[in-house]
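Reading the structure
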Amino acid sequence: MFIAILTYKKQLEEVDRHLQAHRDYLAKHYAAGNFIASGPQTPRIGGVIMIKADNRAAVDSIIAQDPFNINDIADYQIVEFTPTMFLNDDLKNILS
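Keep in mind the model is a prediction, meaning the values are calculated, not measured. (Residues numbered from 1 in each chain as written. Predicted model: local features only at pLDDT ≥ 70, side-chain atom pairs only at ≥ 80, totals over all residues. Heavy atoms only, no water.)

**Quick notes on unusual backbone geometry**
For clarity, the threshold we go by: The helix and strand labels rest on DSSP assignments: H or I over at least four residues marks a helix, E over at least two residues marks a strand, and numbering proceeds from the N terminus.
The linkage connecting Thr-42 with the following residue, Pro-43, adopts the cis geometry, with an omega of 0°. Checked against the element boundaries, Pro-43 lands in the loop between β2 (35-40) and β3 (46-51). Phi is positive for Asp-72, which is not a glycine, with a value near 55°. One can find Asp-72 in the loop between α4 (67-70) and β4 (74-80).

Okay, here's the thing in structure tokens:
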């Protein structure tokens, strides 16, 4: 399991110009089962994406497709972790 923490490098006006393309990218990876949750940080300085992937190379490949990455809108910090506790069995089955 991975968490991608995005930090914007550009002004919000530039971020907003690429927001629909970024949302389309998110939708594609939700449909593929790669993304578990995502959303903006508060305050709006970037975002967070929870990624289900087998390894860091797969995450890097997914991030390379993000319009925010392609257009140099955000920096990405990737955190790998192993979930060991869950709210319920449904969530455990999704994340395992």
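So that's the structure; there's more coming.
**As for the nonpolar core**
Our working definition: In this description, a nonpolar core means a group of buried Ala, Val, Leu, Ile, Met, Phe, Trp, Tyr and Cys residues linked to one another through side-chain atoms lying within 4.5 Å. For every residue, the accessible area obtained with a 1.4 Å probe (protein chains only) is divided by the maximum for its type, and the residue is called buried under 20%, exposed over 50%, and partly exposed between those limits. Here a residue-residue contact requires only that any non-hydrogen atoms of the pair lie within 4.5 Å.
Core analysis: the biggest nonpolar cluster contains 20 residues, and Ile-51, Ile-63 and Phe-68 have the highest contact counts within it. The leading source of residues in this core is strand β1 (residues 2-8), at four residues. In contact with Ile-51, other than residues within four places in its own chain, are Met-1, Phe-2, Ala-4, Asn-34, Phe-35, Val-59, Ile-62 and Ile-63.

**Here's the deal with the pairing of β2**
Worth spelling out the cut-off: Strands qualify as paired when DSSP identifies two bridges or more between them.
As judged from the five bridges shared by β2 and β3, these two strands associate in the antiparallel manner. Residue Ser-38 lies in a different strand from β3, and its bridge partner there is Ile-49. Following β2, the chain reverses through five residues before pairing antiparallel with β3.

**A closer look at the UniProt feature "domain: YCII-related" (unreviewed entry) in the chain**
To be explicit about the condition: UniProt positions are given in the numbering used here, feature names are shortened, and annotations may be inferred rather than shown by experiment.
The sites that UniProt annotates as "domain: YCII-related" (unreviewed entry) are residues 1-82. Helix makes up 39% of residues 1-82 and strand 32%. Its end C-alpha atoms lie 6 Å apart.

**What about the sheet that holds β4?**
By definition, the strands of a sheet pair up through backbone hydrogen bonds, in either a parallel or an antiparallel sense. For clarity, the cut-off: Where helices are involved, their axes are fitted lines through C-alpha atoms of the stretch in contact, as for all axes, and angles between N-to-C directions lie from 0 to 180°.
Pairing in this open sheet of four strands is antiparallel, and the strands run β2-β3-β1-β4 from one edge to the other. Looking at which strands have only one partner, the edges of the open sheet turn out to be β2 and β4. On average, each strand axis in the sheet is tilted by 15° relative to the strand beside it, whichever way the strands run. Running at roughly 160° to β2, helix α2 (residues 19-31) makes contact with β1, β2 and β3 of the sheet. Against the sheet, helix α3 (residues 56-64) engages β1, β2, β3 and β4, with an angle of about 160° to β4.

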